Amino acid sequence: MTHTRTGPRRRAIRPRAVVVCVLLAIAVSGVCVVTLGTGDITLSPTEVVAALLGGGERTDRIVVLDWRLPRVLAAVAFGAALALSGAIFQSLTRNPLASPDILGFSAGSYTGALIVIIVFAGGYAEVAVGALLGGLLAAALVYTLSVRSGVQGFRLIVVGIALAATLGALNTWMVLRADIEVAVTAAAWEAGSLSTVTREQIVPAMLAIAVLLVVLRLLAPLLRHLELGDDTATALGLRVEPAKLALVIVGVAFIAIVTAVAGPIAFVALAAPHITRLLLRGTALVLTATALTGALVLTVADLAAQHLWRTPLPVGVATVVLGGGYLVWLLLHEIWRTRS
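All values derive from a computational prediction rather than experimental measurement. (Residues numbered from 1 in each chain as written. Predicted model: local features only at pLDDT ≥ 70, side-chain atom pairs only at ≥ 80, totals over all residues. Heavy atoms only, no water.)

A.B. asks: How would you explain the overall build of the protein if you had to name every residue and give the values?
C.D. replies: Each helix and strand counted, the protein has 14 helices and 2 strands in total. The globule rule puts the C-alpha radius of gyration for 340 residues at 20 Å, and the 20 Å found for the protein is close to it. Along the first, second and third principal axes, the C-alpha set of the protein runs to 60 × 55 × 45 Å. Per-residue burial for the protein yields a buried fraction of 45% across its 340 residues. Looking at the protein alone, contacts between residues at least 24 apart form 73% of all its contacts between residues at least 6 apart. Total accessible area on the protein is roughly 16,900 Å²; 68% of this is exposed by carbon and sulfur atoms. Taken as two groups, the 24 positive and 17 negative side-chain charges of the protein have centres that lie 14 Å from each other. (Helix = DSSP H or I, 4+ residues; strand = E, 2+ residues; numbered from the N terminus. Rg over C-alpha atoms; globule rule 2.2 N^0.38 Å. Buried < 20%, exposed > 50% of the residue type's maximum accessible area, 1.4 Å probe, protein only. Contact = heavy atoms within 4.5 Å. Areas by Shrake-Rupley, 256 points an atom, 1.4 Å probe, with all protein chains shown as cover. Lys, Arg positive; Asp, Glu negative; His and termini not counted. Charge placed at Lys NZ, Arg CZ, Asp CG, Glu CD.)

A.B. asks: Before we move on, can you summarise the packing of helix 3 (residues 58-93) against helix 13 (residues 287-307) with the specific residues and values?
C.D. replies: Direction vectors running N to C along helix 3 and helix 13 enclose 130°, while the axes themselves pass 7 Å from each other. Classified by the angle between their axes, helix 3 and helix 13 sit oblique to one another. The way helix 3 lies across helix 13 gives a crossing that is right-handed. Contacts from Arg-71, Ala-75, Val-76, Phe-78, Gly-79, Ala-80, Ala-83, Leu-84 and Ala-87 of helix 3 reach helix 13 at Leu-287, Thr-290, Ala-291, Gly-294, Ala-295, Leu-298, Thr-299, Asp-302 and Gln-306. The residue makeup of the contact of helix 3 with helix 13, split by class, is 11 nonpolar, 5 polar and 2 charged. (Axes fitted to C-alpha atoms, helices over the stretch in contact; angles between N-to-C directions. Parallel < 35°, antiparallel > 145°, perpendicular 65-115°, else oblique. Left-handed = near helix turned anticlockwise from the far one by under 90°. Nonpolar A, V, L, I, M, F, W, Y, C, P; charged D, E, K, R; others polar.)

A.B. asks: So, the pattern of salt bridges: which residues are in play, and what are the values?
C.D. replies: For the structure on display, the rule yields 2 salt bridges. A salt bridge links Arg-199 to Asp-66; the shortest N-O distance between them is 3.3 Å. Of this pair, Arg-199 sits in helix 9 (residues 199-226) while Asp-66 sits in helix 3, and the two are 133 residues apart along the sequence. Since its relative accessible area comes to 39%, Arg-199 is described here as partly exposed. Its salt-bridge partner being Asp-302, residue Arg-71 comes within 2.8 Å of it at the nearest N-O pair. (Salt bridge = Lys/Arg side-chain N within 4 Å of Asp/Glu carboxyl O.)

A.B. asks: An account of the state of the cysteines is requested, with residue identities and associated values reported.
C.D. replies: Here a disulfide denotes a covalent bond joining the sulfur atom of one cysteine to the sulfur atom of another. Per the counting criterion, the structure on display carries 0 disulfides. Counting only cysteine sulfurs, Cys-21 is the nearest neighbor of Cys-32, a cysteine outside any disulfide, at a range of 16 Å. (Disulfide = S-S within 2.5 Å.)

A.B. asks: Explain the packing of helix 5 (residues 105-119) against helix 8 (residues 180-190) to me, using residue names and the numbers behind them.
C.D. replies: Look at helix 5 against helix 8: their axes get within 11 Å of each other, and the N-to-C directions meet at 160°. For the element pair helix 5 / helix 8, the angle class is roughly antiparallel. Read as a crossing pair, helix 5 and helix 8 show a hand that is right-handed. In contact with Tyr-110, Ala-113, Leu-114, Ile-117 and Ile-118 of helix 5, helix 8 contributes Val-182, Ala-186, Trp-189 and Glu-190. Taken together, the residues of the contact of helix 5 with helix 8 sort by class into 8 nonpolar, no polar and 1 charged.

A.B. asks: If you had to explain the side chain of Ser-109 to someone new, which residues and values would you point to?
C.D. replies: With respect to the secondary-structure elements, Ser-109 resides in helix 5. On the basis of relative accessibility, which here comes to 0%, the residue Ser-109 falls in the buried class. Only 3.2 Å separates the side chain of Ser-109 from the backbone oxygen of Ala-131, close enough to count as a polar contact. Aside from chain neighbours lying at most four places away, what touches Ser-109 is Gly-130, Ala-131, Gly-134, Gly-135, Ile-255, Ala-256 and Thr-259. (Polar contact = N/O pair within 3.5 Å; in protein donor to acceptor, adjacent residues only side chain to side chain.)

A.B. asks: Kindly report on the nonpolar core, identifying the contributing residues and their values.
C.D. replies: Residues Phe-78, Phe-105, Leu-194, Leu-226, Leu-247, Phe-254 and Ile-265 are the most contacted members of the largest nonpolar core, which totals 57 residues. Sort the elements by how many residues they give to this core and helix 11 (residues 240-262) lands first, with 13 residues. With residues near it in sequence (within four places) discarded, Leu-247 still touches Ile-88, Leu-92, Leu-216, Leu-219, Leu-223 and Leu-226. Counting 14 residues, the second-largest nonpolar core is a separate cluster that includes Tyr-110, Ala-131, Val-175 and Ala-260. (Core = buried A, V, L, I, M, F, W, Y, C linked by side-chain atoms within 4.5 Å.)

A.B. asks: Describe in detail a nonpolar patch on the surface, supporting the description with residues and values.
C.D. replies: Taken together, the side chains of Val-18, Val-19, Val-22, Leu-23 and Ile-26 present a nonpolar region at the surface, about 440 Å² in accessible area. Structurally, the position occupied by Ile-26 is in helix 1 (residues 15-37). Judged by its relative accessible area of 52%, Ile-26 is exposed. (Patch = residues over 30% accessible without salt bridge, like charges linked within 9 Å, V, L, I, M, F, W, Y side chains within 5 Å.)

A.B. asks: Tell me about unusual backbone geometry, and name the residues and values.
C.D. replies: Positive phi outside glycine occurs at Phe-267, with the angle close to 75°. Relative to the helices and strands, Phe-267 resides in the loop between helix 11 and helix 12 (268-280).

Structure, rendered in structure tokens:
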């Protein structure tokens with residue numbers, strides 16, 4: 001078994017995890033090349049790669065670099081962010097159903113963004129701040145209502161489901177009360193779409209996600225300790241509640257960034273960690289593999305949403321279909337495993 005040094009300790013790297021990460025990276029790259037070459041103007045993989053490297057025809061470079069690349073980059077970055085957010089909350093609660101969608105954090109981010117759009121007629125920067133504050137306030141509310149001698153996973157999920165339902169009703173009411181033009185824009189954005197993502201939006205979003213990745217990398221040892229249980233983590237000298245709070249803030253920030261740019265995109269945060277566990281054949285998640293799985297899920301979903309139907313659909317519709325089907329399979333699989 002190979003090892004890598006992480007400070008004074010040495011942490012084992014599973015060969016299977018390395019292979020899975022390499023294969024996932026290849027799959028993500030392949031889907032991106034296919035997406036960049038698919039559309040009204042069809043390009044071969046060779047032409048796409050040449051355009052990415054600055055060569056090829058001028059028209060090819062315009063199509064690839066200006067028209068399609070921002071959307072593809074958004075799918076990769078946002079898929080990774082959603083998957084890592086889901087992994088954080090599933091690890092903290094030690095519950096496979098925990099995700100920002102279920103816990104109400106996505107709904108909170110959407111509420112914050114809606115308030116900025118409808119009440120203050122804010123632009124992209126203001127919407128981003130509103131989404132972040134809304135998600136953090138929802139997380140704070142769930143966290144506060146769930147605390148009873150520490151955060152309990154089941155209690156957190158029950159409170160989160162109740163808050164998500166409440167915020168969902170509030171969001172619907174705000175859209176119905178808004179002016180028709182604003183309501184149409186908000187309703188379309190609610191489905192979760194990458195079609196309107198621009199270079200001016202994706203660059204700061206990717207920079208923010210990169211910063212969060214660095215922070216999460218620093219917090220990863222805390223997450224691994226928390227996966228062992230609160231008692232074990234405390235015995236190892238970890239301050240459990242501050243560590244959980246820091247990880248919750250990072251997870252909500254991932255969701256808020258995605259929501260501010262593309263709207264709420266469902267099920268990726270729920271499904272990607274499960275798929276990663278199946279690929280790794282273990283319960284311990286490798287964050288790199290999780291991020292790559294999320295990127296693959298969202299890029300495939302966006303490719304399907306663009307080209308499988310006569311009229312392109314928001315990517316959120318495709319993720320609901322794919323994620324819903326996967327959730328049904330997962331529930332049936334768990335029932336079959338329990339009975340056997």
